[in-house]
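Observations on the three-dimensional arrangement
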Amino acid sequence: MKRVITLGQFIIERQSDFPYAKGELSRLLRDIGIAAKLVNREVNKAGLVDILGEHGTTNIQGERVKKLDIYANEQFIAALGSGGETRGIASEENDELVPITTAVSKNAKYLVCVDPLDGSSNIDVNVSVGTVFSIYRSTDSSAPLSEADFLQKGVDQVAAGYVIYGSSTMLVYTTRRGVNGFTLDPSIGEFCLSHPDMKCPETGTMYSINEGNYARFPEGVKQYIKYCQVEDDATDRPYTSRYIGSLVADFHRNLLMGGIFIYPSTAKSPQGKLRLLYECNPLAFLIEEAGGTASDGHQRILELTPTSLHQRTPLFIGSAGMVAKAEEFMRGSHRGEPLTGDPAS
Ligand code: AHG
Ligand code: MN
Ligand code: MN
């Protein structure tokens, strides 16, 4: 019989990869796994109990907040607070950073950035949602916790991951030693290793973008979309368009199957919609570790210098070959490429 490796066992086995590690990061990852199970329980109940609908408040982005966003936020803050390894949290649902002041966290060294519930507009319609997290070392754990501590570049992450609450629930994470995916077995309540050493295909046949915003896109993005729609046997075009509207779910599919996800700047939102610290950086860290790339259309996401907790950035992420092609269009260096299937054009 095949040996089942649980998330807990895997984390402990991997700890020996870090010669000086004292198990702190392992315990932090365990805490995230616990919070994920609690959120999963509520997501699955969402159709049964009166937890659906608006909560009646707005978050810092001015978006309507659903009850489950708040619940998920509270679970992550509570689990990280009682785990003892987290100094502070930057969350989509809190305007300011959340310092952790529990007695067990006195010597905590880690900072966590989190989107506790991603894709919240999909909750009411039973479509996959997710959680995204990013872990940094506090630059000076003896100094008072400050926002500046959170404004580290994505390249300095020590770990990142996401949970997808889909047709099954999965937790995918990396500590720079490969990307590994664990599927929750509800019968035993454990995440079990199901996708070891995940790799993003160098190219794919899917593009994900909210084409409803087409008129507001930069010229390079409009032209790249046309390129995706051209018939070309050699590159398997036209590509297939797939857009779920939950970043985690769109990302997860493209990671497994190959593809590109784009949320560009628009005439209305020059920095796009997605947040650098707790959406783009963690997914960029994962995709690079899996062999893909992530850019803002011009430069590597992981090298952007954050200036505020909730800042946004355009995002082009997925298979390396597809992101490179989209960047060519953004530079305007694609010239000569036929953009429609019509040979006369
Ligand atoms: P959140 O639910 O955390 O606010 O994130 C929603 C994000 C992301 O999940 C998704 O890719 C994007 O919003 C969809 O935006 P559009 O509806 O503008 O396409
Ligand atoms: Mn989100
Ligand atoms: Mn969210």
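This text goes with the structure placed above it.
Below: a short report on this structure. (Residues numbered from 1 in each chain as written. Chains lettered and ligands numbered in written order. Predicted model: local features only at pLDDT ≥ 70, side-chain atom pairs only at ≥ 80, totals over all residues. Heavy atoms only, no water.)

1. A few points about the site of ligand 1
In the vicinity of ligand 1, 18 residues are found, and the nearest of them are Asp-118, Gly-119, Asn-210, Tyr-243 and Tyr-263. Here an oxygen atom of ligand 1 and a backbone polar atom of Leu-117 are 3.3 Å apart. In this structure, an oxygen atom belonging to ligand 1 sits 2.9 Å away from a main-chain N or O atom of Ser-120. Burial of ligand 1 by the surrounding chains reaches 85%, relative to a free accessible area of 480 Å². When contributions to the shell around ligand 1 are tallied by element, the ones reaching two or more residues are β5 (110-118) and β13 (260-263). Top element by residues in the shell around ligand 1 is β5. It accounts for 3 residues. In terms of residue class, the shell around ligand 1 is built from 6 nonpolar, 5 polar and 7 charged. Counting contributing residues, the shell around ligand 1 receives three or more from each of domain 1 (7-195) and domain 2 (206-331). (Near = heavy atom within 4 Å. Polar contact = N/O pair within 3.5 Å; in protein donor to acceptor, adjacent residues only side chain to side chain. Areas by Shrake-Rupley, 256 points an atom, 1.4 Å probe, with all protein chains shown as cover. Helix = DSSP H or I, 4+ residues; strand = E, 2+ residues; numbered from the N terminus. Nonpolar A, V, L, I, M, F, W, Y, C, P; charged D, E, K, R; others polar. Domains from an automatic or database assignment.)

2. Notes on a nonpolar patch on the surface
On the surface, Val-125, Val-127 and Ile-244 cluster together into a nonpolar patch covering about 210 Å² of accessible area. Looking at the element boundaries, Ile-244 is found in the loop between β12 (240-241) and α6 (247-257). (Patch = residues over 30% accessible without salt bridge, like charges linked within 9 Å, V, L, I, M, F, W, Y side chains within 5 Å. Salt bridge = Lys/Arg side-chain N within 4 Å of Asp/Glu carboxyl O.)

3. What to know about the coordination of the manganese ion (ligand 3)
The protein atoms that coordinate the manganese ion (ligand 3) are Glu-92 (OE), Asp-115 (OD) and Leu-117 (O), at distances of 2.0 to 2.3 Å. Between consecutive donors of the manganese ion (ligand 3), the numbers of intervening residues give the motif E-x22-D-x1-L. Between the manganese ion (ligand 3) and the manganese ion (ligand 2) the interatomic distance amounts to 3.8 Å, and Asp-115 serves as a bridging ligand to the pair. Of the two residues, Glu-92 sits in the loop between β3 (86-91) and β4 (98-99) while Leu-117 sits in strand β5, which places them 25 residues apart along the sequence. By relative accessible area, Glu-92 is classed as buried at 5%. (Donors = N, O, S within 2.8 Å, 3.2 Å for Na, K, Ca; no water. Buried < 20%, exposed > 50% of the residue type's maximum accessible area, 1.4 Å probe, protein only.)

4. Side note on the side chain of Thr-174
Following the sequence through the fold, Thr-174 ends up in strand β8 (residues 169-174). Here Thr-174 falls in the buried class, since its relative accessible area comes to 1%. A polar contact of 3.0 Å, which involves the side chain of Thr-174, links it to the backbone nitrogen of Arg-176. Excluding its chain neighbours within four sequence positions, the residues that come into contact with Thr-174 are Val-158, Ala-159, Ala-160, Val-179, Phe-285, Leu-286 and Glu-289. (Contact = heavy atoms within 4.5 Å.)

5. Here's the deal with the coordination of the manganese ion (ligand 2)
Coordination of the manganese ion (ligand 2) by the protein comes from Asp-115 (OD), Asp-118 (OD) and Glu-279 (OE), over a distance range of 1.9 to 2.2 Å. Mapped onto the polypeptide sequence, the residues donating to the manganese ion (ligand 2) form the spacing pattern D-x2-D-x160-E. Under the relative-accessibility criterion, Asp-118 is labelled buried at 5%.

6. Focus: the sheet that holds strand β9 (residues 179-185)
Strand order in the open sheet formed by 8 strands is β4-β3-β5-β6-β7-β8-β9-β10, and the pairing between neighbours is mixed. The open sheet terminates on both sides in strands that have one partner only, identified here as β4 and β10 (190-195). For β9 and β10, the ladder comprises 5 bridges, and the chain directions are antiparallel. Counted as the bridge partner of Leu-184 is Phe-191 from β10. Packing against the sheet, α6 makes contact with β5, β6 (129-137), β7 (159-165), β8 and β10, and its axis sits at approximately 105° to β7. (Pairing = 2+ DSSP bridges. Axes fitted to C-alpha atoms, helices over the stretch in contact; angles between N-to-C directions.)

7. Thoughts on the side chain of Ser-208
Relative to the elements of secondary structure, Ser-208 occurs in strand β11 (residues 206-208). If sequence neighbours within four positions are ignored, Ser-208 has contacts with Arg-242, Tyr-243, Asp-250, Arg-253, Asn-254, Ile-260, Phe-261 and Ile-262.

8. Considerations on the pairing of strand β15 (residues 315-318)
Neither face of β15 is open: one carries Leu-315 and Ile-317, the other Phe-316 and Gly-318, and all of them are buried. In this sheet, β15 lies alongside β13 in antiparallel orientation, the contact comprising 4 bridges. Residue Ile-260 lies in a different strand from β15, and its bridge partner there is Gly-318. Across 3 bridges, strand β14 (residues 293-295) lies against β15 in antiparallel orientation. Counted as the bridge partner of Ala-294 is Ile-317 from β15.

9. Details of the sheet that holds β11
The strand order across the open sheet built from 5 strands is β12-β11-β13-β15-β14, with neighbouring strands paired in mixed fashion. The open sheet is flanked by β12 and β14, the only strands paired with a single partner. Against the sheet, α6 engages β11, β13 and β15, with an angle of about 160° to β11. Docked against the sheet, helix α8 (residues 320-331) engages β11, β13, β14 and β15, running at close to 155° with respect to β15.

10. A closer look at the packing of aromatic side chains
Applying the stated criterion across every chain, the model contains 9 aromatic pairs. Their ring planes at 65° and their centres at 6.4 Å tell us that Tyr-214 and Phe-217 sit as a pair that is edge-to-face. The exposure class assigned to Phe-217 is buried, which follows from its relative accessible area of 5%. Ring geometry for Tyr-227 against Phe-329: centres 5.3 Å apart, planes inclined by 50°, an arrangement best described as tilted. Taken as a pair, Tyr-227 in helix α5 (residues 219-229) and Phe-329 in helix α8 lie far apart in primary sequence, 102 residues in all. The exposure class assigned to Tyr-227 is buried, which follows from its relative accessible area of 5%. By the ring-pair criterion, three or more aromatic residues cluster together here, those being Phe-10, Tyr-173 and Phe-182. Here the basic side chain of Arg-237 rests over the ring of Tyr-227, its NZ or CZ set 3.7 Å away from the ring centre. (Phe/Tyr/Trp six-rings, centres within 6.5 Å; stacked < 30°, edge-to-face > 60°. Lys NZ or Arg CZ within 6 Å of the ring centre and 35° of its normal.)

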